[in-house]
Amino acid sequence: MLFSTEYINWQKKPLFQAVPLRLKAIVETMIEEKGLKSKLYFNAVLKWMPADEAARLDYEIPEDVFIDQLSVDHIDFIYSLWTHSDVYPKSDLWDTVRLNIGLGVFSQLNGELLAWVMCGSYGGLSTLMVHPDYRGRGFGKLILLAVTKVMGENGVSPYGLINEKNNVSLGLFKNVGYVKHSTPLPCIEVEDPDSGP
């Protein structure tokens, strides 16, 4: 199926997320046969929580902030700070905000977006981030708790794919109650054949 599909736009240099190790060689061979190169973007650790456990989570919102839905008006700002804007187009965020759950922590004082998380098209959590000026205040944990609870209340077992070297995010998910579900899974990036060493 991977070799004959016409749904993959190879000119856009797709990223294959969390490839099971038994399929890694197949994906890399397919990329090579298309005349392209592959490289490891990062190894992802899958963290998850059962829906019933997620629905029972509780948290308090500090008086100086509120939690609300993200809107398409936030996309340019989020994309400008997003670590993975190198491989994902802004249109992915547009679809994610319009079609899935996206929550933010906002300042009561001026409505500024301080932290955010979305549910990606694949059903897992994506783009969890705290604005650099507001890190260390618990907003990452707050927004992760909020979206995890919403997903659980809707019968969804939340999960996230986290770079195995991102100790801050791995610790945050563990602190909220997520458990590791797998060995690291490679995320494979497609490149032009003449790129890189």
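About the cut-offs
- Residues numbered from 1 in each chain as written.
- Predicted model: local features only at pLDDT ≥ 70, side-chain atom pairs only at ≥ 80, totals over all residues.
- Heavy atoms only, no water.
- Helix = DSSP H or I, 4+ residues; strand = E, 2+ residues; numbered from the N terminus.
- Buried < 20%, exposed > 50% of the residue type's maximum accessible area, 1.4 Å probe, protein only.
- Pairing = 2+ DSSP bridges.
- 1 Å grid on protein atoms, 1.4 Å probe; cavity = no way out; pocket = protein on both sides within 12 Å on 5 of 7 lines; lining within 4 Å.
- Points joined across faces, edges and corners; volume = space filled by probe spheres on them.
- Nonpolar A, V, L, I, M, F, W, Y, C, P; charged D, E, K, R; others polar.

Engineer: Requested: an account of the side chain of T127, with residues and values cited.
Structural biologist: Mapped onto the elements of the fold, T127 is located in strand 6 (residues 125-130). The exposure class assigned to T127 is buried, which follows from its relative accessible area of 9%.

Engineer: Summarise the pairing of strand 4 (residues 102-107); cite the residues concerned and give the values.
Structural biologist: Strand residues, when the strand is regular, have side chains that alternate between the two faces of the sheet. Most of strand 4 sits inside the fold, with 6 of its 6 residues counted as buried. On strand 4, burial covers both faces: G102, G104 and F106 on one face and L103, V105 and S107 on the other are all buried. In this sheet, strand 4 lies alongside strand 3 (residues 65-69) in antiparallel orientation, the contact comprising 5 bridges. Within strand 4, the residue paired with D68 across the bridge is G104. With 5 bridges joining them, strand 4 and strand 5 (residues 113-119) adopt antiparallel strand pairing. Along strand 5, the bridge assignment pairs L103 with V117. Turn length for the strand 4-strand 5 hairpin, with the two strands adjacent in sequence and antiparallel, is 5 residues, and the turn residue G111 shows positive phi of about 75°.

Engineer: Requested: an account of the layout of surface pockets, with residues and values cited.
Structural biologist: There is about 1,300 Å³ of room inside the largest pocket. Lining the largest pocket are 45 residues; nearest its centre among them are W82, H84, Y88, S126 and T127. Counting only elements with at least two residues in the lining of the largest pocket, the list comes to strand 2 (37-48), helix 4 (90-99), strand 6, helix 5 (139-153), strand 7 (159-163) and helix 6 (167-176). Looking at the lining of the largest pocket, the element that brings in the most residues is strand 6, giving 6 residues. Grouping the constituent residues of the lining of the largest pocket by class yields 22 nonpolar, 16 polar and 7 charged.

By themselves, these observations are geometric and do not establish any function.
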